[in-house]
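Each chain, letter by letter, is given below.
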Amino acid sequence: MEIIDVNESNINSEHICCAITDKKGENCVASKKEWMRRLFSDGLVFKKLNVRGKVFIEYIPAERAWAPIDANGYMYIDCLWVSGKYQGQGYANALLTQCISDSKAKGKEGLVILSSDKKKPFLSDPRFLKHKGFAVCDTAEPYFQLLYLPFREGAVTPRFKNCCRAGRIAEKGIVLYYTNQCPFTEKYASLVAGVARDRGVDISVRKIESAEAAQNAPSPFTTYSFFYDGTFVSNEIFSEKKFLRFIGAKGL
């Protein structure tokens with residue numbers, strides 16, 4: 001099957017895999033596409049299998065990545081996702097191979113990607129990446145790993161910025177950071193904020209609106225990071241049910 005690029009010329013007509021359609025009253029696809037439009041001039045690349053399914057890779061020069069990392073000269077992979085019936089057919093290999101070829105053609109030092117010590121939702125599978133030659137180059141609390149694939153010996157080793165290493169913030173209570181890199185964060189951040197208001201629970205929702213802000217964020221995963229009383233809790237997007245369980249467990 002054909003792998004195609006989604007870019008400024010076809011983004012209006014192409015689906016973006018991670019959010020194929022919106023349900024009535026939602027705006028998930030539009031928020032993601034608008035985020036992508038803003039980043040195309042920064043070198044964002046979005047490649048997908050030409051099917052209506054979640055089979056894609058998204059990457060950007062690390063200097064413009066929405067992540068608190070130092071990785072000058074590298075290409076940062078935002079997301080590599082193959083799901084459902086398309087798994088086990090070599091599509092992840094094909095997408096990664098195209099990313100490698102493209103990055104080498106652009107003179108990059110290598111690839112860098114956010115992962116975890118064990119497979120976790122919304123983070124790339126560390127077993128697959130290490131099988132493909134990626135190695136851990138840095139870690140951050142509580143479970144984040146920065147993996148890299150250098151293209152030459154002697155390439156500078158990427159690292160996390162200090163602002164995101166400890167998994168801590170000074171602010172108490174519930175604090176949620178998010179971006180529109182994922183099409184569903186806008187919906188669920190608003191949902192959680194509404195549930196908190198209805199129950200009289202204080203919450204601070206911080207939408208990250210620029211690469212500069214993301215590069216100074218307190219968590220490696222700027223797409224969605226949930227803190228409570230100064231400690232990182234999860235990068236997994238909370239549904240209403242999960243959020244209610246959380247505040248119930250905290251007696252809020």
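Rules behind the numbers
Residues numbered from 1 in each chain as written. Predicted model: local features only at pLDDT ≥ 70, side-chain atom pairs only at ≥ 80, totals over all residues. Heavy atoms only, no water. Core = buried A, V, L, I, M, F, W, Y, C linked by side-chain atoms within 4.5 Å. Buried < 20%, exposed > 50% of the residue type's maximum accessible area, 1.4 Å probe, protein only. Helix = DSSP H or I, 4+ residues; strand = E, 2+ residues; numbered from the N terminus. Contact = heavy atoms within 4.5 Å. Pairing = 2+ DSSP bridges. Axes fitted to C-alpha atoms, helices over the stretch in contact; angles between N-to-C directions. Phe/Tyr/Trp six-rings, centres within 6.5 Å; stacked < 30°, edge-to-face > 60°. Lys NZ or Arg CZ within 6 Å of the ring centre and 35° of its normal.

Novice: Talk me through the nonpolar core; I want residue IDs and the actual numbers.
Specialist: Nonpolar side chains tend toward joint burial in soluble globular proteins. Counting residues in hydrophobic clusters, the biggest one holds 61 residues, and the most contacted among them are Met36, Ile69, Tyr76, Phe144, Tyr224 and Phe243. With 5 residues, strand 10 (residues 174–178) is the largest single contributor of residues to this core. In contact with Phe243, not counting residues within four places along its chain, are Ile174, Val192, Val195, Ala196, Phe226 and Phe238. With 22 residues, the next largest nonpolar core counts Ile57, Ile77, Tyr86 and Tyr91 among its residues.

Novice: Got a sec to walk through the pairing of strand 13 (residues 231–234)? Specific residues and values, please.
Specialist: Note: strand 12 (residues 224–228) against strand 13, 3 bridges, orientation antiparallel. Along strand 13, the bridge assignment pairs Phe227 with Phe232. In this antiparallel pair of consecutive strands, strand 12 and strand 13, the connection spans 2 residues, and Asp229 shows a positive phi of 50 degrees.

Novice: Break down the sheet that holds strand 11 (residues 203–207) for me, citing the residues and quoting the values.
Specialist: Strand order in the open sheet made by the 4 strands is 11-10-12-13, with mixed pairing throughout. Two strands bound the open sheet, and with one partner strand each, they are strand 11 and strand 13. Put simply, the sheet's adjacent strands are angled 25 degrees from each other on average, direction ignored. Contacts between helix 4 (residues 185–198) and the sheet are confined to strand 10, strand 11 and strand 12, with strand 11 contributing the most and set at about 160 degrees to the helix. Together, strand 10, strand 12 and strand 13 form the strand contacts of helix 6 (residues 240–249), whose direction differs from that of strand 12 by roughly 20 degrees.

Novice: Quick one: what's the story with the packing of aromatic side chains, residue by residue and with numbers?
Specialist: Scanning the model with the defined rule gives 15 aromatic pairs in all. Here the aromatic rings of Phe226 and Phe238 are separated by 4.5 Å at their centres, their planes lie at 25 degrees, and the arrangement is stacked. Taken as a pair, Phe226 in strand 12 and Phe238 in the loop between strand 13 and helix 6 lie far apart in primary sequence, 12 residues in all. Taken as a pair, Phe226 and Phe238 share a single burial class, namely buried. For the pair Phe226 and Phe246, a centre-to-centre distance of 5.1 Å together with 85 degrees between the ring planes defines the contact as edge-to-face. Of this pair, Phe226 sits in strand 12 while Phe246 is found in helix 6, placing the two residues 20 residues apart along the sequence. Each member of the pair, Phe226 together with Phe246, is buried. Over the aromatic face of Phe151 sits the side chain of Lys104, whose NZ or CZ is 5.2 Å from the ring centroid. The cationic tip of Lys120 hangs over the ring face of Tyr143; the distance from NZ or CZ to the ring centre is 4.6 Å.

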